[in-house]
Each structure stands twice: as C-alpha cells, then as structure tokens.
Amino acid sequence: MKRFLILSGFLLVALQISAQTLQSPNGRLTMQFQLSPEGIPTYQLKFDNKVVILNSHLGIILNDQPTFDRDLTIIGLGNFENDESWQPVWGEEKVIRNHYRELAVTLQQVALPKRQMIIRFRLFNDGLGFRYEFPHQPQLLHFIVADENTEFRLAGDHKTFWIPGDYESNEYYYFTTPLSKIDAKIGHEITEIFVRSLYSPDAVQTPLMMKADNGLYINIHEANLYDFPAMQLIVDKPNLRLSAHLVPDAVGNKAYLQTPATTPWRTIIVSDKATDMLASRLILNLNDPTPITDASWIKPQKYVGIWWEMHVGMSSWNYADSFNLRLVGTNWNNLKPNGKHGATTERTMHYIDFAAEHGFDGVLVEGWNIGWEDWFGAWKEEVFDFVTPYPDFDVNYLSSYAARKGVKLIMHHETSSSVTNYERRLDTAFRFMKHYGYDAVKTGYVGWIIPRGEHHDGQWMVRHFHRVAEKAADYQIMVNMHESHRPTGQHRTWPNWLANEAARGNEFNGWSKGNPPDHETILPFTRLMGGPMDYTPGIFQVKLDYYQPDKKEQVHTTLAKQLALYVTMYSPLQMAADLPENYERFMDAFQFIKEVAVDWDESRYIEAEPGQYITIARKAKNKDHWFIGAITSEKSRVANIPLDFLDKGQAYVATVYADSPTAHYLKNPMGYIINQYIVNNMTVLKIFLAESGGCAISLSKANGKMLKTIKKYR
Ligand code: NOJ
Ligand code: CA
C-alpha cells in the first residue's frame, strides 16, 4: 500500500514550529522532526517510550555561505509508505521485506540565494534511516561539503563496542567501555597495523554498537555510501553526544558534489533483542536494486589458497629478496630466487588437486606476479603490473590444469595502494584474467594511498572502490576487496562485490598478538552490519609453534569455534584458510567445511549478546539442509538450541562438531568431538562450548537405516 501526502503553501507557515511525527509500521518506533526557532533542523527517536536519540541537530555545511545547518524554513512536506519484497542474488535469506514510512522535509535558506535541501527520513520496524538531498537548482550546481552537522545525542552512558577513528584502517580489535570512557589514543599502541591515520582521541568508527542500561541495543552506521567520504563519529563525552565526522581529502575538503546529489543514509538500528539486530535488513533496504539483469555468473563460493602459509612465515609472496633488488635493479632475470616462494606452479597444482578432490570452487594464489620485492613502505607508484607472472608460475599451464579439474583460479591484485597505477592498468588486468579463465579477484590496498594525501576512507577512494566493482561487473568478474572502506550494503546493487575485509581478519592471529576471544562475537554486531567479510576462518592448526618452535602466536579460538564461524560470520565467500596438509590430518572435522553452504533460504538468530556469544541456524539455499554455528568468548557456556525450525514430524541426523570436555583455546584448542544423533523439531540441543570455543552442527533428513543405527538425542 502506498500513499502520498504533499503539503505546500500557506498551510506550511503553521507547520514551521509544529513537530512532524513519523511512526514505524508496527508503531514501536517514533521519530519526531522539528525546526528550532533558529531554523536548525532537529530529530529525535523513541522505541516504545524509551528514548533512543534525544533531540539532535541535523545539517550540512558548505564551504560557502549561507550553509544548510541553520536559518532554514520548511517549504514542503511529503509522506509515503512502502511495503514490498525483493530477492537478493545471494544472502542470509531468499526474500527480504522492505517496509517503511517516509517523511521528506524540503527546507529553504531564509537568506538569498534561497537554496533548497531535502531531508528524507525512512522509519522501519528495525530503525531509522535519513539522508540529505540537494535537488538540481540554478543557485546550487557544483558545491563542496565542508562538514556535516548530524548529531546523535544518546540518553545514557551506554556500553559501547568501538574501534578508534582512523582515516586508513578498520583493522583494530574492539574495545568495550561506557561511551564516556572512550579513549581512542589507544590506537597508537596497535602498531601491527601498517598504515594508520588516527586523528582524535575522541573519534570512533561505524558501525558503532551500543547497549543501554534499559536493555536497548543501538547501532549507528550508514547505507549506500557511493559518492561521499565515509562517516566516522566524534564523541562529546560529557554530553554523551556523537557527531558525524567525514573523512577529508588531500586538501581538507570533505566532498565535491553536483546537483542533483544525495548523501549516504545515516542509519540507527534499534531493538530490545540482540538477535533482532543481527536479523536487521535496514541497511540493505536503503541501497538501490541491482542494475545487473543476468546475475547467473555471480556465484557464492568456498575457496582455498596459497595464503596462510605466507602469513605464518612458511613461504613468501616475493620470489627474490628485496636486498637483491638493490644490487641488480628490477631486471628479473638477474634476481636470485630466495627458495621460499609460495606461488610456484607445483604448489598451485597441489592446491588445485585438493580443491577438486574436496569440492571447493576456487583457488586463490597470492604472490604469483612480479613486484613483491618492492611492495610496501616505499610509497612508490609503479610496483605491480598485474599481468607478469614470476618465472616459476606458469599461468598458461595452470589455467588449463585448473579448467581440466573443474576448479577456478582466483586472481590476486595487491595494489600497494598505488591506485592511480591500478586504475591505468585495470582493463588490461581484467582482460588478462578473462583470457586465463579467472572470474574472481581479491584486491588489496596495503600502504599509503597514491594520489598522495588521499585516505582509504575519503570520497576519492570510495569512488575508486565502486569504479572497480562496476568495471568488474562489465567483465563479469566477482570481487573481494581487502583494505577497502567498510561496506554499507552496496552488495545489493553490486552483488558481484562478494565481500570485503575492512576489519581485523583471522590473519592477524598469524603474526601479531592477534584477535581476542570476544572478537568474533562483536564483528556481526559491528562491521558485518554493513555487509559480508572475508574473515578467512578454518584454521585447524591453532598453535603456530608447529611451524617454527619459537613462533609464539596462535589463533585465539578452539578448532570447533573455527568451524562454527562458517555459520556465525555470514559471507557468500568463505575460505578454508588452513593448509591442505593440515586438513588432511583432521579429515573428520574438515567434513563440516566441505558440507557447509554459503547461500541461504533463511536464517534464525537463536541466541546472541555482543561480546559474549552468538548462535545462528541457517537453511541452505534450495536444499533441505540446516547448519548451526554457536560461539562464545573467553567464558565457557552451554548453548541452548531449540530445533523448532525443522519440519514437523521429520527425523533428522544432527552431526555435532563440538569442543571436547577438556578443550580450552589456550590449553587444549584442538580438542574436539564429533557425535551423531537423531533429532526432530521438539529437540532442544544443549552443547558445551569451551573457553573461546564453539560448536558446528549439520542437520539433514534421516532415512530408515539411520534411524536404526544412530542414537536419539537425549
Ligand atoms: C593484506 C590482506 O588483508 C591479506 O589477506 C593479504 O594476504 C596481504 N595484504 C597481501 O596482499
Ligand atoms: Ca588486511
């Protein structure tokens, strides 16, 4: 049902001071818009009579006067209701409902040149989105955004899950403190992140997750970031007020726009249930439908790759050593191999064989191309050309070998953040991929950006990441971006943009103090609110002294928790990140990774508390096969899992991959047990999760023979 209400003329004079109220379709959320006596736009938000956002300012500041943050008058109001359903190309569920009520307020500057701006609010059952729109008008054509005045005034000193504000990186672990205790200076101590621009002790990044004493969960982020810088937040601690901070460009401006133009949506997701936060589709709903009409070439997939062995120091990306380069220049024929190069023809064949044998779709190979001797630290423009393999990587032979085995090679483009160089070479690089049968690429942006002075999260780079995704779509190529800006639901529009890293992945466990046990219980409430992550789970050899006796690092989970992550950490692209040799040692546990789906008909969020635990069940797309993942942080617990979503009256076999009774992420991380039970929709599974442990369950329909041989769950 859709309805319109447009008001204009003298009626609006009376509306200037009166508040405009919008209610969510289920009536639980109420948003109020008001223009202050100074002509400042303001809004507030309530969930059942509990205040989510106190009266807070809105506005955009241009770099010329007058700006759009005061001395405004209302010249139009529009109401609209939308209720539709749509089908994502891939996702956590096959049908998504987009139901909201909208209020559009047209504002005009009181002073000449009387330019106009619209603030559009959309109120859903799970939260609020609003954005600024600049209609085409002769008195506003090209303009520069100097700042954004959006505020979020909170009603309490909420428990907050935050990472420091940084123009370059999201690869931090999370801090959990009251809002008033945020101190982003701590970011300076996290030196294992190579490139950081920390700019204020009061700055944090979004998605920002909070929990109020009254039980409300509140998440602030943005949707449909396309031609604008990423939004970060400045915390005014005494006043419990957050204000938007846009990532600047090389000369200090925030955004360059031309009318008609819109900002991204600012989003506030709210619920009294943590599980509902994970079920929210608000951010996706605020993105545009895809222009891709035939999406049959876009494939959710699992992959293995020549990757972890570099992160644990067994092999190298580079073929020679950099000191070599200093002696002989860049004539590759003179470079002496270091004897550790990972991406050799032989090793790649081994991964292809392994992928083919165990049903994986792709094999990622990093370090296949020349340039790695020089790849970071130099801030150099011409590092990689993306088309020249090292002498020991026979791309021609490997592409036909992979094709014969029914496996796809996955391309790797580390750009070293020399983005001008990458853009110049992109068509050639994509044509090279197509020629050799690659249809997916992992990109990377380690290093300071070139054009020098630009930031990873600024408008210029936001446009770049979209240019890559759009051009990739033209070539029917799927993309997985590392070190990109964090996602804002853009995979609705560009479903070939399968995943991003844009957070602290499993790889940090390979060579730094790693990810604390609560990390994976926070990510779904923060970074993953915007879209899927290439987290790279599946590390079975948890302790890394296995590789070198003095290597003290380890993954901070049990082996069973690594399995559970395939379900709790939603992504249409999942890596089995460990080495084939390690999977061969634990084939019974590896079975779960082989079976688990990457695309879903539906998802059930069973238990969740940010920083503590998550239990999710998902049904594989078009299959009668359910998978469950349950994880906990450093506290052991018993996951309580009612199987009421199973078909009534049908017996299922539950294969349960759990922590052993003595498992512990530090003392015995690889202790696991696998049991099979007959269950039905009345069964409530109670499964022990060790300290930073987990449990993965595969559920398929039982046949008569199974009913006789497998025990009933009690
Ligand atoms: C950082 C990426 O996150 C990682 O996955 C990759 O292996 C290295 N860069 C090298 O490109
Ligand atoms: Ca990274």
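The rules behind each value
- Residues numbered from 1 in each chain as written.
- Chains lettered and ligands numbered in written order.
- Predicted model: local features only at pLDDT ≥ 70, side-chain atom pairs only at ≥ 80, totals over all residues.
- Heavy atoms only, no water.
- Donors = N, O, S within 2.8 Å, 3.2 Å for Na, K, Ca; no water.
- Helix = DSSP H or I, 4+ residues; strand = E, 2+ residues; numbered from the N terminus.
- Buried < 20%, exposed > 50% of the residue type's maximum accessible area, 1.4 Å probe, protein only.
- Core = buried A, V, L, I, M, F, W, Y, C linked by side-chain atoms within 4.5 Å.
- Contact = heavy atoms within 4.5 Å.
- Pairing = 2+ DSSP bridges.
- Salt bridge = Lys/Arg side-chain N within 4 Å of Asp/Glu carboxyl O.
- Axes fitted to C-alpha atoms, helices over the stretch in contact; angles between N-to-C directions.
- Phe/Tyr/Trp six-rings, centres within 6.5 Å; stacked < 30°, edge-to-face > 60°.
- Lys NZ or Arg CZ within 6 Å of the ring centre and 35° of its normal.

(A) Quick look at the coordination of the calcium ion (ligand 2). Bound to the calcium ion (ligand 2) are the protein donor atoms Glu171 (OE), Glu171 (OE), Glu483 (OE), Glu501 (OE), Glu501 (OE) and Glu507 (OE), situated 2.2 to 3.2 Å from the metal. Read N to C, the donor residues that coordinate the calcium ion (ligand 2) are spaced as E-x311-E-x17-E-x5-E. Remark: Glu483 occurs in the loop between strand S27 (478-481) and strand S28 (497-500) and Glu171 occurs in the loop between strand S13 (159-162) and strand S14 (175-178); sequence separation between them is 312 residues. For the pair Glu171 and Glu483, one class covers both residues: buried.

(B) Highlighting the nonpolar core. In terms of nonpolar packing, the biggest core is built from 203 residues, with Phe33 and Phe121 touching the most fellow members. Not counting the four nearest positions on each side in its chain, Phe121 is found in contact with Leu22, Met31, Phe33, Tyr43, Leu58, Arg101, Glu102, Leu103, Val105, Leu128, Gly129 and Phe130. By size, the runner-up hydrophobic cluster in this structure holds 22 residues, among which are Ala639, Ile641, Leu685 and Tyr713.

(C) Expanded view of the pairing of strand S36 (residues 684-689). Where burial is concerned, the two faces of S36 differ: the one with Leu685, Ile687 and Leu689 is buried and the one with Val684, Lys686 and Phe688 is not. Here strand S33 (residues 637-642) runs beside S36; their pairing, made up of six bridges, is antiparallel. Across the sheet, Asn640 pairs through a bridge with Lys686, a residue of S36.

(D) Up close: the pattern of salt bridges. One pass over the structure, following the stated rule, counts 43 salt bridges. Between Glu92 and Arg618 there is a salt bridge; the shortest N-O distance is 2.9 Å. Here Glu92, found in the loop between strand S7 (72-86) and strand S8 (96-109), pairs with Arg618, found in strand S31 (residues 613-620); they are 526 residues apart in sequence, far enough to count as distant. The pair Glu92 / Arg618 is uniform in exposure class, with both members buried. With a shortest N-O distance of 3.9 Å, Lys408 and Asp439 are connected by a salt bridge. On the criterion of sequence distance, the pair formed by Lys408 in strand S25 (residues 408-414) and Asp439 in the loop between helix H8 (419-435) and strand S26 (440-444) is long-range, its members being 31 residues apart. Judged by relative accessible area, Lys408 falls into the partly exposed class, the value being 36%. Salt bridges here are not isolated pairs; linked through shared partners, they connect Glu102, Arg120, Arg122, Arg131 and Glu133.

(E) Geometry of the sheet that holds strand S30 (residues 600-609). In space, the six strands of this open sheet follow the order S30-S31-S32-S37-S34-S35, with antiparallel pairing throughout. Among the strands making up the open sheet, the edge pair consists of S30 and strand S35 (672-679). Direction aside, the axes of adjacent strands within the sheet are offset by 15 degrees on average. Judged from the eight bridges that link them, S30 and S31 form a sheet pairing that is antiparallel. Bridge pairing links Trp600 to Ala620 in S31. Of the strands in this sheet, S31, strand S32 (625-632), strand S34 (652-659), S35 and strand S37 (694-701) are in contact with helix H12 (residues 559-568), which crosses S32 at around 125 degrees.

(F) Representation of the packing of aromatic side chains in the model. Taken as a whole, this structure holds 40 aromatic pairs when the rule is applied. Ring centres 5.3 Å apart and planes at 65 degrees place the aromatic pair Phe592 and Tyr657 in the edge-to-face group. Residue Phe592 is found in helix H14 (residues 587-595), and its partner Tyr657 is found in strand S34; the two are separated by 65 residues along the sequence. Per residue, the accessibility class of Phe592 equals that of Tyr657, and both read buried. Each member of the aromatic cluster is reached from another via a ring pair, and the members are Phe354, Phe360, Phe540, Tyr583, Phe586, Phe590 and Tyr672. Here the basic side chain of Arg463 rests over the ring of Tyr226, its NZ or CZ set 4.7 Å away from the ring centre. A cation over a ring is seen here: Arg637 above Tyr613, with NZ or CZ 3.7 Å from the ring centre.

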